[in-house]
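# Architecture at a glance
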Amino acid sequence: MDIINSARVVVSVIVPVRNAENYLQECFASILAQTRCCGVEVSIFDDGSNDGSAAIIASWKATFQEHGIAVVESFNHLRNVPSESGAVRGGCGYAKNRAVEQSHGRFLCFLDADDVMLPRRIELQLAAALADPDALVGSNFTRNEAATGRYTDWCNRLTAEQLYLHQYRECTIIQPTWFCQRFVFDKVGGYVELGLDVPEDLIFFHRHLDLGGRLVKVDEPLLMYRYHPNATSQRIHRLTLLRVRIEALQRRVLSHWPTFSIWGAGRDGRKFFGELSDENKRKVVAFCDVDEKKVGTSFNEAYTN
């Protein structure tokens, strides 16, 4: 690992890598194309890649340094979690935490290895983070042609108020666009390291809100968020995501309510009820629905399903 002049580094771009040879060239080029508003460092952690990622990282390290961008890199030699290919990996949370630990910047700019930053991302998000120090700062984004537009349109239309109103529906600020002061990350305690297929971003998002953290979004696209079938996010089960959201809702809202009703007496309503703690199940006074066939139906079986 090279010695970095940490006094010059303002923003560390956090890049976890896992078998990203098809995307790294474009990803790294987008870092080089950033408007030069401050000292930038690239912190790369290769989580056991067994493709050509290491060679691409090595070639770009020299390029970055030629342009005055510091580089710190390391590789996964510590964890032994078998993947389907037989190589070792620690998972997304593990890789991001290692990249943060070895970085030096006061500000952290998270960049997945398959995504592409637009040229003013660091400049504009740095300004937003300086204006609101306790915030997790995101931005609008574009998608590649393989992605559908519905989710993108919904995220990009969210107002400052809706970032909070819809917090139990989705990560209203998507993780590939996150930018924050280091103390915001440290206050949460970093990402959980529970191996593969864990929504470490959603867990971090809700822990940030548990601690009174703020949400801010730059209302212009600053990232091309790439969709492809092998993306890690595609492997996380819908029920896993639901459980994380319900746990957060119980901590911050339902624990303070004496009673409440559940709108929706179908599959989703019953699943929601089934995931509640026994204490909160006892607070449910009614299931509400507009379907005449469900009126008067008993859902006591939800306690055991």
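Provided above is the structure to which this section pertains.
Described in the following lines is the structure provided in the data block. Computed from a prediction, not measured in an experiment: that's the story for all the values here.

## A look at the overall build of the chain
The number of helices and strands found in the chain is 11 helices and 12 strands. Residues classed as buried in the chain amount to 51% of the 305 residues present. Taking the intrachain contacts of the chain between residues at least 6 apart in sequence as the baseline, contacts between residues at least 24 apart amount to 79%.

## Here's the deal with the packing of aromatic side chains
Applying the stated criterion across every chain, the model contains 16 aromatic pairs. Centroid distance phenylalanine 45 to tyrosine 94: 5.7 Å. Interplanar angle 80°. Geometry classified as edge-to-face. Of the two residues, phenylalanine 45 sits in strand E2 (residues 40-46) while tyrosine 94 sits in helix H3 (residues 92-101), which places them 49 residues apart along the sequence. What makes phenylalanine 45 buried here is its relative accessible area of 3%. For tyrosine 94, a relative accessible area of 4% puts it in the buried group. Each member of the aromatic cluster is reached from another via a ring pair, and the members are Phe110, Trp178, Phe185, Tyr191 and Phe204. The ring of tyrosine 191 carries the charged tip of lysine 96 above its face, separated from the ring centre by 4.9 Å. Taking NZ or CZ as reference, arginine 143 lies 4.0 Å from the ring centre of tyrosine 225, over its face.

## Some details on helix H1 (residues 24-32)
Where H1 is concerned, the buried positions are Leu24, Cys27, Phe28, Ser30 and Ile31. One face of H1 carries all of its buried residues, which in axial projection span an arc of 155°. Among the structural elements, strand E1 (11-17), E2, helix H2 (53-66) and strand E7 (116-117) are those in contact with the buried residues of H1.

## As for the pattern of salt bridges
When their charged atoms lie close together, side chains carrying opposite charge are able to pair. In this structure the tally under the stated criterion is 14 salt bridges. The salt bridge partner of glutamate 26 is arginine 226, with a shortest N-O separation of 2.9 Å. Of this pair, glutamate 26 sits in helix H1 while arginine 226 sits in the loop between strand E10 (214-225) and helix H9 (238-252), placing them 200 residues apart in sequence. Residue class for glutamate 26 comes out partly exposed when judged on its relative accessible area of 42%. Given a relative accessible area of 13%, arginine 226 falls into the buried group.

## Observations concerning the pairing of E10
Pairing of E7 with E10 involves 2 bridges; the strand directions are antiparallel. Looking at the pairing, methionine 117 lines up with leucine 223 of E10. Here strand E8 (residues 135-143) pairs with E10 via 8 bridges, running parallel. Bridging across to E10, arginine 143 finds its partner in tyrosine 225.

## As for the nonpolar core
The nonpolar side chains of soluble globular proteins are, as a tendency, buried together. In this structure, Val15, Phe28, Ile31 and Phe110 are the most contacted members of the largest nonpolar core, which totals 69 residues. Not counting the four nearest positions on each side in its chain, phenylalanine 28 is found in contact with Val15, Ile44, Ile56, Ile57, Trp60 and Phe64. Residues Leu254, Phe260, Phe272 and Leu276 belong to the second largest nonpolar core, which totals 10 residues.

## A closer look at unusual backbone geometry
Not every positive phi belongs to a glycine, and asparagine 19 is a case in point at roughly 50°. Its place among the elements puts asparagine 19 in the loop between E1 and H1. Asparagine 19 sits in the partly exposed class, given a relative accessible area of 28%.

## Points about the packing of H1 against H2
H2 packs onto H1 with a crossing angle of 20° between their chain directions and a minimal axis gap of 10 Å. Classed by the angle they form, the pair H1 and H2 counts as roughly parallel. Note that H1 runs across H2; the crossing there is right-handed. Contacts between H1 and H2 involve Leu24, Gln25, Phe28, Ala29, Ile31 and Leu32 from the former and Ser53, Ile56, Ile57, Trp60, Thr63 and Phe64 from the latter.

## What about helix H5 (residues 149-157)?
An α-helical turn contains 3.6 residues, so any two residues separated by three or four positions project in the same direction. Inspection of H5 places Thr152, Trp154 and Cys155 among the buried residues, and these make up the whole buried set. The buried residues of H5 occupy an angular sector of 165° when projected down its axis, which confines them to one face. What points out from H5, more than 90 degrees from its buried face, is the exposed set Arg150 and Arg157.

## Some remarks on the environment of tyrosine 168
Its place among the elements puts tyrosine 168 in the loop between helix H6 (162-165) and strand E9 (179-181). Between the C-alpha atoms of tyrosine 168 and leucine 249, which are 81 residues apart in sequence, the distance is 6.8 Å. Setting aside chain neighbours within four positions, we find tyrosine 168 in contact with His206, Arg245, Ala248, Leu249, Arg252 and Val253. One polar contact links tyrosine 168 to glutamine 167, side chain to side chain, over a distance of 3.4 Å.

Thresholds, definitions, all that
- Residues numbered from 1 in each chain as written.
- Predicted model: local features only at pLDDT ≥ 70, side-chain atom pairs only at ≥ 80, totals over all residues.
- Heavy atoms only, no water.
- Helix = DSSP H or I, 4+ residues; strand = E, 2+ residues; numbered from the N terminus.
- Buried < 20%, exposed > 50% of the residue type's maximum accessible area, 1.4 Å probe, protein only.
- Contact = heavy atoms within 4.5 Å.
- Phe/Tyr/Trp six-rings, centres within 6.5 Å; stacked < 30°, edge-to-face > 60°.
- Lys NZ or Arg CZ within 6 Å of the ring centre and 35° of its normal.
- Arc of directions from axis to C-beta.
- Salt bridge = Lys/Arg side-chain N within 4 Å of Asp/Glu carboxyl O.
- Pairing = 2+ DSSP bridges.
- Core = buried A, V, L, I, M, F, W, Y, C linked by side-chain atoms within 4.5 Å.
- Axes fitted to C-alpha atoms, helices over the stretch in contact; angles between N-to-C directions.
- Parallel < 35°, antiparallel > 145°, perpendicular 65-115°, else oblique.
- Left-handed = near helix turned anticlockwise from the far one by under 90°.
- Polar contact = N/O pair within 3.5 Å; in protein donor to acceptor, adjacent residues only side chain to side chain.

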